[in-house]
Every structure is written in structure tokens, then in C-alpha cells.
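Spelled out, the chains give:
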Amino acid sequence: MSKPITITYEDKKYELEFTRAAVENMERNGFDIEEVRKHPVITIPALFRGAFFAHQRFNLDKIPYNEIWSALPNKGELIAKLIEMYTEPIAALTDEPEDGGKGNANWTAEW
Amino acid sequence: MVSEASESDSKRGGEDCSTPFKKSYRDVFNECFPFYLAIGMTSEQYWDGDPSLVRAYRKADEIRKNRMNEQMWLQGMYIYEALCDASPLYHDLAKRGTKARPYSDKPYCLTPEQKEKREENHEKEVYDKGKAHMMQMMGIINARFAKQAEKGDNNGNGS
């Protein structure tokens, strides 16, 4: 089972996770995960903010996102982890069967 | 997006049949939602719960289907056995008074422990039956000896 990221800032704990509702909310607001590589300056802050939706939905306006982001170490690793967490809801739905798909339909490419 | 399309494809106005179908994550979530509701997941679990919970629900659904299949197979076995037991009655040329074989008085043993328990009970039954029979025989023989002894005494006293 996936576990949320916990951040402690000024004695307050924040949990970061991407549920399906959080991903849907972000997409509704125009976020596209594929833009992270092309336009990281715009999309990474949106990705970071979106991670607060699942567990702090009713206090989103009160969270000091910029201050928390500035105070965090290992930002590169955090971004990679957030991207992995963002894709987890869709990956869990589209996983291959554990048995290798025995008995399922198969396909081959002929080019 | 779940699948990628090249920019040149999109500029062609979408008429090219080789352009892959573009779906947002939201579209996929909404498409899969009814299935997970059908297998017992709640709306809150699906949208707001642990994203990887769907894997457990899929596995549970597979286990449930296998169990249902086994139960139906077992029921078929009981029905088949019942029909076989009643089969003497279906014979057109069956003699008057033909009876069906009795239906099994016990269910099938489904686990090795149940089988072992049943064998133990059977052995105990056989033992108890044998013991009761021996006690009965003993009683008869003892009664015979007692009678003979009584007869002997009477003859001795009489003479």
C-alpha cells in the first residue's frame, strides 16, 4: 500500500498524497503531468500544491506553500517522488496481471 | 495524458486514423469507477482512499469468482450423485418395488482434517459395535453356563 509523505513545518504536520480525487482536481484546473519536463518552473509548484489536496482539503488557503518548499531539502528527490505518486492512481488501475496474463488475450506487432 | 500523440498528428485535424486515442487520467478514472463500485469498493475508497487499494479489490474479486465457481461445481456433484442414486427408478423395465439408492447421509469432506475426523469416528463406531456385540455374546454364554450350573445343582440335590 502507498504511504503519504509527511512534512513537518513550524510544528505543523502536512501529509502529501495523490488520490484519484486530487489528480482529477488538478486536471480540472489544467494540470498536465507531461508538462513537468517541458515547463518545470510552472508545473512543479502546481504539482507540489496539488499533493496537499488529499489530506488538507479544507485548509488549502492557509498553507504557506512557498515557505515550506523553500525549507525542504532534497528537492530533486521530492519532485521525483511526487511524480511517482501522481502516476500511482492510474498505474494501479492499469497494472498487468501478476500471473503474466495467462488465459488473457495476447497481441503481436507485425511491423 | 495516458497515451501520447505527436504534434503533427494533432495539426492534421484529427482525420488520421493512426492517431492514438488521447485520454486524460480523469477519463480513465471515470471509466473504471463503475467496475470498482460493482466489486464492492465505496466511492470514498475509490476517489479519496489509498490509490493502490484497487489492486487488492481486483485480487479479491478474482478469489470470489474462483470460490463461487468451486461452490457451483460442488453443488453439481451433489445433484449428480442424487440423480445417480435415483437412477434405478428411471429404468423403463424396472421391477415393481425397485427403490432408489439412499442419498448420502453425510456431506463430502472438503479438508484433510475433516477426512481424518470422519475416519476416526468410523473406526470408533466399528469398535463400539464390536464391543456391544461381544458383550451381548458374553451375556448369552454366561446365562447358559449359569443355567447349566443350576441344572447340575438341582440334579445333585435331587439324588
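Here's a quick rundown of the structure. (Residues numbered from 1 in each chain as written. Chains lettered and ligands numbered in written order. Predicted model: local features only at pLDDT ≥ 70, side-chain atom pairs only at ≥ 80, totals over all residues. Heavy atoms only, no water.)

1. Here's the deal with the overall build of chain A
Moving on, step 1. Scanning chain A for helices and strands turns up 5 helices and 2 strands.
Moving on, step 2. The linear arrangement of helices and strands in chain A, starting from the amino end, is β-β-α-α-α-α-α.
Moving on, step 3. Going through the 111 residues of chain A one by one, you find that 39% of them count as buried.
Moving on, step 4. Pairs at least 24 apart in sequence give 64% of the contacts found in chain A among residues at least 6 apart.
Moving on, step 5. Summing over all exposed atoms, chain A offers an accessible surface of approximately 7400 Å²; the carbon and sulfur share of this is 50%. (Helix = DSSP H or I, 4+ residues; strand = E, 2+ residues; numbered from the N terminus. Buried < 20%, exposed > 50% of the residue type's maximum accessible area, 1.4 Å probe, protein only. Contact = heavy atoms within 4.5 Å. Areas by Shrake-Rupley, 256 points an atom, 1.4 Å probe, with all protein chains shown as cover.)

2. What to know about the pairing of strand E1 (residues 5-9) of chain A
Residue and element names in this part refer to chain A.
Moving on, step 1. The side-chain alternation of E1 yields one buried face, formed by Ile5, Ile7 and Tyr9, and one unburied face, formed by Thr6 and Thr8.
Moving on, step 2. Bridging between E1 and strand E2 (residues 12-16) involves 5 bridges; their strand directions are antiparallel. Bridge pairing in E2 places Ile5 opposite Leu16.
Moving on, step 3. The turn linking E1 back onto E2 is made up of 2 residues, and Glu10 within it adopts a positive phi angle of 50°. (Pairing = 2+ DSSP bridges.)

3. So, the interface of chain A and chain B
Moving on, step 1. With 25 residues of chain A at the contact, the number on the chain B side is 24 residues.
Moving on, step 2. With both sides pooled, the region where chain A packs onto chain B buries about 2200 Å², and carbon together with sulfur makes up 54% of that total.
Moving on, step 3. If you sort the residues of chain A by the area they bury against chain B, A:Arg20, A:Ile90 and A:Leu93 come out on top, with a joint share of 29%.
Moving on, step 4. Our enumeration of links across chain A and chain B arrives at 3 salt bridges.
Moving on, step 5. Across the contact surface, chain A and chain B share 12 residue pairs in polar contact (both at pLDDT 80 or more).
Moving on, step 6. Of all elements in the fold, only helix H1 (20-28) and helix H5 (75-93) of chain A reach the threshold of two or more residues within the side of chain A that touches chain B.
Moving on, step 7. Ranked by residues supplied to the side of chain A that touches chain B, first place goes to H5(A) with 8 residues.
Moving on, step 8. Within the side of chain A that touches chain B, the residues separate by chemical class into 11 nonpolar, 3 polar and 11 charged. (Buried area = accessible area lost by both parts, 1.4 Å probe. Salt bridge = Lys/Arg side-chain N within 4 Å of Asp/Glu carboxyl O. Polar contact = N/O pair within 3.5 Å; in protein donor to acceptor, adjacent residues only side chain to side chain. Nonpolar A, V, L, I, M, F, W, Y, C, P; charged D, E, K, R; others polar.)

4. What about the packing of aromatic side chains?
Moving on, step 1. Per the counting criterion, the structure on display carries 15 aromatic pairs over all chains.
Moving on, step 2. With a centroid separation of 5.3 Å and an interplanar angle of 80°, the aromatic rings of A:Phe18 and A:Tyr86 are classed as edge-to-face. Note that A:Phe18 is positioned in the loop between E2 and H1 and A:Tyr86 in helix H5, a separation of 68 residues in sequence. One exposure class covers both A:Phe18 and A:Tyr86, and it is buried.
Moving on, step 3. Taking the centre distance of 6.5 Å and the plane angle of 65° together, the rings of B:Tyr25 and B:Phe29 count as edge-to-face. Separated by 4 residues within a single helix, B:Tyr25 and B:Phe29 lie in helix H2 (residues 25-38), roughly one turn from each other.
Moving on, step 4. What makes B:Phe29 buried here is its relative accessible area of 0%.
Moving on, step 5. An aromatic cluster is present here, built from A:Phe18, A:Phe31, A:Tyr86, B:Tyr25, B:Phe29, B:Phe33, B:Phe35, B:Tyr36, B:Tyr46 and B:Trp47 joined pairwise through their rings. (Phe/Tyr/Trp six-rings, centres within 6.5 Å; stacked < 30°, edge-to-face > 60°.)

5. Observations regarding the packing of H5(A) against H2(B)
Moving on, step 1. The interhelical angle for the contact between H5(A) and H2(B), taken along N-to-C directions, is 45°, at an axis separation of 10 Å. In terms of orientation, H5(A) lies oblique with respect to H2(B). The handedness of the crossing between H5(A) and H2(B) comes out as left-handed. Note on element contacts: H2(B) touches H5(A) through B:Tyr25, B:Val28, B:Phe29, B:Cys32 and B:Tyr36, opposite A:Tyr86, A:Thr87, A:Pro89, A:Ile90 and A:Leu93.
Moving on, step 2. Counted by class, the contact of H5(A) with H2(B) contains 9 nonpolar, 1 polar and no charged residues. (Axes fitted to C-alpha atoms, helices over the stretch in contact; angles between N-to-C directions. Parallel < 35°, antiparallel > 145°, perpendicular 65-115°, else oblique. Left-handed = near helix turned anticlockwise from the far one by under 90°.)

6. Describing the environment of B:Asp50
Residue and element names in this part refer to chain B.
Moving on, step 1. Inspection of the secondary structure puts Asp50 in the loop between helix H3 (43-48) and helix H4 (53-86).
Moving on, step 2. Of the residues examined, Asp50 reaches a relative accessible area of 18% and is grouped as buried.
Moving on, step 3. Among the polar contacts made by the side chain of Asp50, one reaches the side chain of Ser52 at a distance of 2.9 Å.

7. With respect to H4(B)
Moving on, step 1. The end-to-end C-alpha distance of H4(B) is 50 Å, a good match for the 50 Å that 34 residues give at a rise of 1.5 Å each.
Moving on, step 2. Packing partners of the buried residues in H4(B) comprise H1 and H5 of chain A together with H2 and H3 of chain B. (Expected span 1.5 Å × (residues − 1).)

8. A closer look at H1(A)
Moving on, step 1. Counting buried positions over the 9 residues of H1(A) gives 8, a clear majority of the element.
Moving on, step 2. When H1(A) is considered as a whole, its buried residues turn out to be A:Arg20, A:Ala21, A:Ala22, A:Val23, A:Glu24, A:Asn25, A:Met26 and A:Glu27.
Moving on, step 3. Buried-residue contacts for H1(A) involve helix H3 (40-50) and H5 of chain A together with H2, H3 and H4 of chain B.
Moving on, step 4. In the stretch just after H1(A), A:Gly30 is the one whose phi turns positive, near 95°.

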